[in-house]
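One-letter residues, chain by chain:
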Amino acid sequence: MQPAVVVQPAPTISAVLPQQGTTGGGTRVRITGTNFSPGNVTVRFDNVVANGVIATALQIDVDTPPHVVGAVDVRVTNNNDGQFAVAPHAFTYMQPQVLAIAPPMGPLLGNNRVRITGRYFAPNVSVLVAGRPAANVNRVDEQTVDADIPARQAPTPIAQGLNIDVVNGNDQARGRLNTSYTYEPLRLDEVLPASAPSAGGVPLTLRGRGFDAGTTVTIGGMPVGGLAVISPTRIDCTAPALPTPGAALCDVVATSGGGAQTDTLVDAFTYTAPVTLVAMTLSSGARGGNTQVGLLGMGFTHPMVAFFAGQQVNTVFVHEGELIVPQTPAVPHPNDNAHPVDVIARDQGNHSSQLAHGYTYEAERPAMNVVVYAPGQDFHSIRAAGANDASLTGQLLQMHNTGVLDARDGASAAQMPGRSYHNHIAGGVGGLLFNRHAHPRHTIHQVLDVTMHRPINNYTSNLLAPNTPNGRWHPDAGVSAAIIAAHNLALAANFANPAAVQNSINTTLTLFSVTPATGATAGCEQVTLTGQNFPNNVTVHFGGVAVPAAHCIRVNATTLTVTPPDHAPGVVDVRITDARGVFVELPAAFTHQDFAFATLTPAIGSHDGGNVVVITGTGFKANTAVSFDGIAVAAHDITVHSSTVLTARAPPHAAGVVNVRLTLGGVMHNLPYRYVQ
């Protein structure tokens, strides 16, 4: 009798989960049912054998094989008896679906890592950005893919959403997320540091976005040095040097490789000028100080200090490019009397500039050492003492004219160039007084007629030194013993009658200074004459040319305002003459200068304009016109500080080199000036 054959029931499939997966295969699926042969089954998806099968009697775990998109039957076959079960269309191979990308924007340089999320990503997936393959693609799972975005290449658009495709490798099934990624537009955010000396060379770091390997950078239109694109957000470089030292506010411009994009930080970088003194608004002032002056140049910052002949002034401030010194210090020592001293400006970084002989302390007004000849020692007495020599007056005048009376240590007037001796013979007879001053090279005597209060002999010079202590004639003056005796007798009488001495001083016509001491050859600006005992009706001569009465204004007894007459270039004497013919003269007191253009400081500036330019030259007047490449500077933006210095505010202009033109009376002069971005 044959043993009974036991027939196993056929397998059944009750569920397939998940019901969807990637076309690349590898989706882990669990099949539940009955009558599975444990460890001995074959699973097919549309007749394609699956891998990774783990089977029990009631469930099977399996990895789907690759397949094209679509629904397929799932078949489970028990290998021991060949029985099988089929679940029609139980699993569907899905096309990839892209749901998101992060970050959605990146630099033109590429190489930024992104994460793409979605569904049904195959193990051998690839990623395309606007059709170009991404690098280093890593499928994390069916829902996640990481990849490096490729560098942007023309004609791929910028700042416009691009399509992202995820492609399953086995069947090229792809999913797309439209306009989901953008190559970030080039963007400059900051420059650190934001300033440098005009010599350049300072290391800089630029921060922003979208830098690529071909990005270039300019500052003020000049290429930076040592440019290195460190990352899409950082560039290192060095500041270029300005072609001309000066201060400038410049644009910083970044341009992507190939010139596809530019971004500009307007006025983002400042070039600082080296501290440079060029001129002063006033070149002289009182010995006691307290004169407000302006220092002109460039590179002035806050805080600063100034020095006059080594004396420090801390209370200075910068206003519209000018270093203002509210109060000059007093003359430090007598040797600086009427001698120019050095002026220094220094910033907090200990950078300084010196204007050699830039400022002059005005000469101390000479105090007169007067000898008044009292009654009994008048002109006739002197003549009598000289044996009634009728030529005594002529002798005195002759001695003055030849310089013998003024000689010292055997020197004569002819041996002292630049000295002028002017004599006026007064009518009438009266007491005499002698003005006497000591000078490093001169013993000076002035013979005055006390009765008429006017000079018999006028002698003018720079009387710098203190008075001769004893007021006596120099022993080598060549004066007769009779005159010396009369003089010494009168000297003793002075101590008994000081009022007479003071009266003589108070009534003596004197000229101390001419300010300013330079001017144009034609149409000169007004100058100020200071002195004492100016009467109402005076005549003023510059180099022998009389000033018309309408151009000579007596402000008071110590001040005249005068418009110098036209004159050829050169140094001239200035003379004041009263109605009686008495005159006083300052030799070489004024210089007529031709109109000329010498320097421009700084010779560079921002295309936005607005910086103050110091212009030096000669012969400047109030109506001097200034233009930059034909663009006239408004009158209120021009300040004529003197005949040698003016300042003008530069108008806006495109970057480039232009001519700065000064125009006066139809005469024009040009110097170059550079505008930078």
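Just so it is clear, the structure is predicted and the values come from calculations on it, not from any experiment.

Further remarks concern the overall build of the protein. Counting its secondary structure elements, the protein contains 4 helices and 60 strands. Considering the protein as a whole, with its 677 residues, one finds that 46% of them fall into the buried category. Partitioning the contacts of the protein with sequence separation of at least 6, the portion at a separation of at least 24 is 60%. Summed over its atoms, the accessible surface of the protein is roughly 29,900 Å², and 54% of this surface lies on carbon and sulfur atoms.

Take the sheet that holds strand S24 (residues 225-231) next. Pairing is antiparallel across the open sheet formed by 4 strands, whose spatial order is S19-S21-S25-S24. The sheet terminates laterally at strand S19 (187-192) and S24, the two strands that pair on one side only. On average, each strand axis in the sheet is tilted by 20° relative to the strand beside it, whichever way the strands run. Two strands pair when backbone bridges link them, and S24 and strand S25 (residues 234-238) are joined in this way by 4 bridges, in the antiparallel orientation. Counterpart to alanine 228 in the pairing with S25 is aspartate 236.

All right, on to the side chain of serine 256 then. Tracing the backbone shows serine 256 in the loop between strand S26 (248-255) and strand S27 (262-272). Look at serine 256 and you get buried, because its relative accessible area is 2%. Among the polar contacts listed, one links the side chain of serine 256 to the backbone nitrogen of glutamine 261, at a separation of 2.8 Å. Aside from chain neighbours lying at most four places away, what touches serine 256 is Leu108, Leu186, Asp212, Gly214, Thr215 and Gln261.

Checked against the element boundaries, threonine 559 lands in strand S49 (residues 559-562). Apart from residues lying up to four places away in sequence, threonine 559 is in contact with Thr528, Leu529, Phe534, Ile553 and Arg554.

This part is about the sheet that holds strand S4 (residues 41-45). Strands pair in a sheet through their backbones, by hydrogen bonds, and they do so in one of two ways: parallel or antiparallel. As summarised here, the arrangement of the 5 strands in space is S2-S9-S8-S4-S5, forming an open sheet in which the pairing is mixed. Each edge of the open sheet is held by one strand with a lone partner, namely strand S2 (20-22) and strand S5 (48-49).

Further remarks concern the nonpolar core. Within the largest apolar cluster, 24 residues are counted, with the highest numbers of intra-cluster contacts made by Leu204, Leu206, Ile219, Val252, Phe269 and Tyr271. Elements that contribute at least two residues to this core include exactly S19, strand S21 (203-209), strand S22 (216-219), S25, S26 and S27. Ranked by residue count, the leading element in this core is S26, at 4 residues. Those residues within four positions of phenylalanine 269 in sequence are excluded, and the remaining contacts are Val191, Pro193, Ala194, Ser195, Ala196, Leu204, Ile219, Ala239, Ala248, Leu249, Cys250 and Val252.

What follows covers the pattern of salt bridges. Considering all chains together, one arrives at 13 salt bridges under this definition. Here arginine 115 ties to aspartate 146 by a salt bridge, and the two come within 2.7 Å at their closest N and O atoms. Remark: aspartate 146 occurs in strand S16 (residues 144-148) and arginine 115 occurs in strand S12 (residues 113-119); sequence separation between them is 31 residues. Put simply, arginine 649 and aspartate 637 hold a salt bridge, and the shortest N to O gap is 3.7 Å. Highlighted residues: arginine 649 in strand S58 (residues 645-649) and aspartate 637 in the loop between strand S56 (631-632) and strand S57 (638-640), separated in sequence by 12 residues. Overall, arginine 649 belongs to the partly exposed group, its relative accessible area being 24%. Judged by relative accessible area, which is 24%, aspartate 637 ranks as partly exposed. Members of the salt-bridge network, linked through shared partners, are Glu184, Arg187, Asp189 and Arg209.

Let's shift gears to the environment of alanine 588. Tracing the backbone shows alanine 588 in strand S51 (residues 583-593). On the basis of relative accessibility, which here comes to 52%, the residue alanine 588 falls in the exposed class. In this structure, the C-alpha to C-alpha distance between alanine 588 and valine 572, residues 16 residues apart in sequence, is 5.0 Å. Beyond its immediate stretch of four places on either side in the chain, alanine 588 contacts Val571, Val572 and Asp573.

Criteria and cut-off values
Residues numbered from 1 in each chain as written. Predicted model: local features only at pLDDT ≥ 70, side-chain atom pairs only at ≥ 80, totals over all residues. Heavy atoms only, no water. Helix = DSSP H or I, 4+ residues; strand = E, 2+ residues; numbered from the N terminus. Buried < 20%, exposed > 50% of the residue type's maximum accessible area, 1.4 Å probe, protein only. Contact = heavy atoms within 4.5 Å. Areas by Shrake-Rupley, 256 points an atom, 1.4 Å probe, with all protein chains shown as cover. Pairing = 2+ DSSP bridges. Axes fitted to C-alpha atoms, helices over the stretch in contact; angles between N-to-C directions. Polar contact = N/O pair within 3.5 Å; in protein donor to acceptor, adjacent residues only side chain to side chain. Core = buried A, V, L, I, M, F, W, Y, C linked by side-chain atoms within 4.5 Å. Salt bridge = Lys/Arg side-chain N within 4 Å of Asp/Glu carboxyl O.

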